[in-house]
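Structural overview
Okay, here's what each chain looks like letter by letter:
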Amino acid sequence: MVNSQSQSTQGQTYDLIIVGAGVIGAWTAYKAGKNGLKTLLVDAQKLGAGASGGLLGALMPHMPERWDGKKQFQFEALEDLPREIAQLENETGQDCGYNQCGRLAPIMNETKRGQMQGHGANVDEFWHGRYQWQIVDQPFEKDWPNADKATCGLVYDTLSARINPRGLLNALKAAIAHDDKITLLEGVALESYDAFKKQAILSNHEKVLFSHIVLSAGVQTFDFIAPELKVVTQALGKPIKGQAAMLAADIDPNWPIVFDNGVYVISHGSGKVAVGSTSELEFADPFTTDEKIDDAILRARQLCPLIKDAPVIEKWAGLRPRAAGRDPLIDIMPEHRNVIVSTSGFKITFGVAHKMADVAIEHILGDLKTVVPDSFKIAAHLAKARRAEKQDNLS
Ligand SMILES: Cc1cc2nc3c(=O)[nH]c(=O)nc-3n(C[C@H](O)[C@H](O)[C@H](O)COP(=O)(O)OP(=O)(O)OC[C@H]3O[C@@H](n4cnc5c(N)ncnc54)[C@H](O)[C@@H]3O)c2cc1C
């Protein structure tokens, strides 16, 4: 059910309140419904209004070396995603724009080429022989990317994929709307909650009751949890501004993502190519675009000359949540077992949000099956936050 602000929830009781309808909150609500949980999903603005409503949608794996829990979690998530997307698309008839198109990354010198060969030495062990990570000598197609940028070859992997962020969110919204167990309230913020009393106060002055609450409010999540964790908010997590753009160019939708030095070029099909992104710790206005995206567009055009004259259709800016530990943050709050925090995939969220949602639901059902890396847990993020507090003298 999608409800407007006028729909009253006053005094109602929910199994679960989810705060924030970005890609994490929307997947969590979708999965809560599948598990029969009576769920209220609230967003201060609307579903997809935050970082998740952007343009890029790169799903890029960590390097297949120095394997650890974080890499295993992401690998399993990326492998599961096509099945999850197929199910969502079947249920809703909506296209999420998913394509396991692979990725090409130019190599500029022999030293780098040697390093890259080393990074991929154990790919068959970690990726189970199902995906390639190899050095190729030629660009995928003429000028995709510019051969001048790949003087020492390119890294080509076949695990990388892309998704249309807005297509995915529309599909999740459609699935939520068809599920009687879920109520989506847009334009209504969580003002405060009391985990002992299991009460939440919303910005429309209504009080609702819950068994569990999931905090997936993007950058705002840090404000909610910092006081209980007794840490300064900025030490726990920061907003990182990013800008991206959509260009009109008829590039084969099956061509790989091109990635070089922080610049992505992604063919989304239907005559659209996304480029970006910037990473800005300091900014005057989070939501306006400026010369930094123009510079990224220029670099993208040099990287892929096939888009050198492509008109810009849209420029977009938003704030990514980045926790102190940089990794996703998914855990139960230490003193309130009915409060679950889920945020901060930083640049990999679209590839792991569905699995973070599984973890949240398993916590709620008291049956955690998914192996959650220690680096995703509150203790690890808190330790890094405390170090940051000391270094920056933030306390
Ligand atoms: C330019 C750019 C490019 C990116 N490219 C990629 C990429 O290629 N691949 C990738 O995986 N990731 C990428 N990311 C990162 C990714 O977009 C984010 O990590 C992800 O969208 C975060 O999702 P979220 O659900 O945690 O937060 P958000 O999408 O920010 O959602 C949080 C929601 O909470 C709501 N909210 C806030 N406070 C409250 C409150 N008090 N009550 C109720 N609601 C509240 C907000 O309105 C918002 O809708 C990119 C980000 C940017 C900025």
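Rules of the game
- All residue numbers refer to positions counted from 1 along the written sequence of the respective chain.
- For a predicted model such as this one, the threshold for reporting local features is a pLDDT of at least 70, and the threshold for listing and counting side-chain atom pairs is 80 or more; totals across whole chains, interfaces and linings nevertheless cover every residue.
- Only hydrogens and water are set aside when side-chain values are computed; all heavy atoms of the structure are taken into account.
- Where each domain begins and ends follows an automated or database-derived domain assignment.
- Any two residues having at least one pair of non-hydrogen atoms within 4.5 Å are treated as being in contact.
- Buried area is understood as the total, over both parts, of accessible area removed when two parts are fitted together, assessed with a 1.4 Å probe.
- The rule for a salt bridge is simple: a side-chain nitrogen of Lys or Arg has to be within 4 Å of a carboxyl oxygen of Asp or Glu.
- Working definition: a ring pair exists when centres of Phe, Tyr or Trp rings (six-membered ring for Trp) sit within 6.5 Å. Plane angles under 30 degrees give stacked, over 60 give edge-to-face, the rest tilted.
- Numbering goes from the N terminus for both helices and strands, where a helix is a DSSP run of H or I of at least four residues and a strand is a run of E of at least two.
- Working definition: with a 1.4 Å probe on protein chains only, accessible area under 20% of the residue-type maximum means buried, over 50% means exposed, and in between means partly exposed.
- The nonpolar core is taken to be a set of buried Ala, Val, Leu, Ile, Met, Phe, Trp, Tyr and Cys residues, with the residues joined through side-chain atoms within 4.5 Å.
- One heavy atom within 4 Å of a molecule or strand makes the whole residue count as near it.
- Definition of a polar contact: a pair of N or O atoms within 3.5 Å, with one able to donate and the other able to accept a hydrogen when the atoms are protein atoms, and with sequence-neighbouring residues admitted only if both atoms are side-chain atoms.
- For the accessible areas, the method is Shrake-Rupley and the probe is 1.4 Å, while residue cover comes only from the protein chains on display.
- The arc in question is traced by the directions running from the helix axis to the C-beta atoms.

Moving on, we get to the domain arrangement of the chain. According to the domain assignment, the chain contains domain 1 (2-53 + 166-237 + 325-392) and domain 2 (103-162 + 238-323). Here the C-alpha centroids of domain 1 and domain 2 sit 30 Å apart. The interface of domain 1 with domain 2 comprises 18 residues on the first partner and twelve residues on the second. Both faces considered, domain 1 and domain 2 share a buried interface measuring about 1300 Å² in area, 60% of it formed by carbon and sulfur atoms. On the surface where domain 1 and domain 2 come into contact, there are one salt bridge.

Under the criterion given, the structure shown has ten aromatic pairs. Taken together, a centroid distance of 5.7 Å and an interplanar angle of 75° make the contact between Trp 27 and Tyr 30 edge-to-face. Remark: Tyr 30 and Trp 27 occur in helix α1 (residues 23-34); sequence separation between them is three residues, near one turn of the helix. You can call Trp 27 buried: its relative accessible area is 0%. Accessibility expressed as a relative area gives 4% for Tyr 30, which makes it buried. On the basis of an interplanar angle of 55° and a centroid distance of 6.4 Å, the ring pair of Tyr 193 and Phe 224 is categorised as tilted. In this pair, Tyr 193 is assigned in strand β10 (residues 190-194) and Phe 224 in helix α6 (residues 221-229), connecting sequence segments 31 residues apart. Taking the relative accessible area as the measure of exposure, Phe 224 reaches 17% and is therefore buried.

Turning our attention to the nonpolar core. The biggest cluster of nonpolar side chains holds 60 residues, and the ones touching the most others in it are Trp 27, Leu 88 and Leu 168. Per-element accounting of this core gives the leading share, nine residues, to helix α9 (residues 349-365). Counting residues domain by domain, this core receives three or more from each of domain 1 (2-53 + 166-237 + 325-392) and domain 2 (103-162 + 238-323). Counting 33 residues, the second largest nonpolar core, distinct from the first, contains Phe 210, Phe 222, Met 333 and Val 339.

Before going further, it helps to examine the site of the ligand. Within the structure, the ligand sits among 37 residues, and Asp 43, Ser 52, Ala 58, Phe 346 and Thr 349 are positioned closest to it. In the environment of the ligand, an oxygen atom lies 2.6 Å from a nitrogen or oxygen atom belonging to the side chain of Asp 43. In the model, an oxygen atom of the ligand is placed 2.6 Å from a nitrogen or oxygen of the Thr 349 side chain. Protein burial of the ligand: of its 1000 Å² of free accessible surface, 95% is covered by the chains. For the shell around the ligand, the secondary-structure elements that each account for two or more residues are α1, β3 (39-43), β13 (237-248), β17 (312-323) and α9. With four residues, β17 is the largest single contributor of residues to the shell around the ligand.

Look at the link from Trp 144 to Pro 145: it is a cis peptide, with omega at 0°. Take Pro 145: it is sitting in the loop between β6 (133-136) and β7 (154-157). Geometrically, the link from Gly 276 to Ser 277 is a cis peptide bond, its omega value of -10° lying close to zero. Looking at the element boundaries, Ser 277 is found in the loop between β16 (272-276) and α8 (291-303). Phi at His 128 is positive, roughly 55°, even though this residue is not glycine. Relative to the assigned elements, His 128 resides in the loop between α4 (123-126) and β6.

Before going further, it helps to spend a moment on helix α3 (residues 110-119). Inspection of α3 places Arg 113, Met 116 and His 119 among the buried residues, and these make up the whole buried set. All buried residues of α3 project into a common sector of 120° when viewed along the axis, lining one side. Exposed and oriented more than 90 degrees from the buried face of α3 are Glu 110 and Thr 111. Tucked inside the fold, the buried residues of α3 contact β6 and β7. Two to three positions downstream of the cap, the backbone nitrogen of Thr 111 sits 3.2 Å from a side-chain oxygen, assigning the N-cap of α3 to Asn 109.

Turning our attention to the pattern of salt bridges. Counted under the stated rule, the structure contains 16 salt bridges. Salt-bridge contacts for Glu 314 lead to Arg 166; the nearest nitrogen and oxygen are separated by 2.9 Å. With Glu 314 in strand β17 and Arg 166 in helix α5 (residues 165-177), the pair connects residues that are 148 residues apart, well separated along the chain. Glu 314 gets classed as partly exposed once you look at its relative accessible area, which sits at 25%. Given the relative accessible area of 29%, Arg 166 is considered partly exposed. Across the pair Glu 186 and Lys 173 runs a salt bridge, and its minimum N-O distance is 2.9 Å. In this pair, Glu 186 is assigned in strand β9 (residues 182-186) and Lys 173 in helix α5, connecting sequence segments 13 residues apart. The buried category is assigned to Glu 186, whose relative accessible area is 16%. Linked through salt bridges whose partners overlap, the residues forming this network are Lys 31, Arg 83, Glu 84 and Asp 358.

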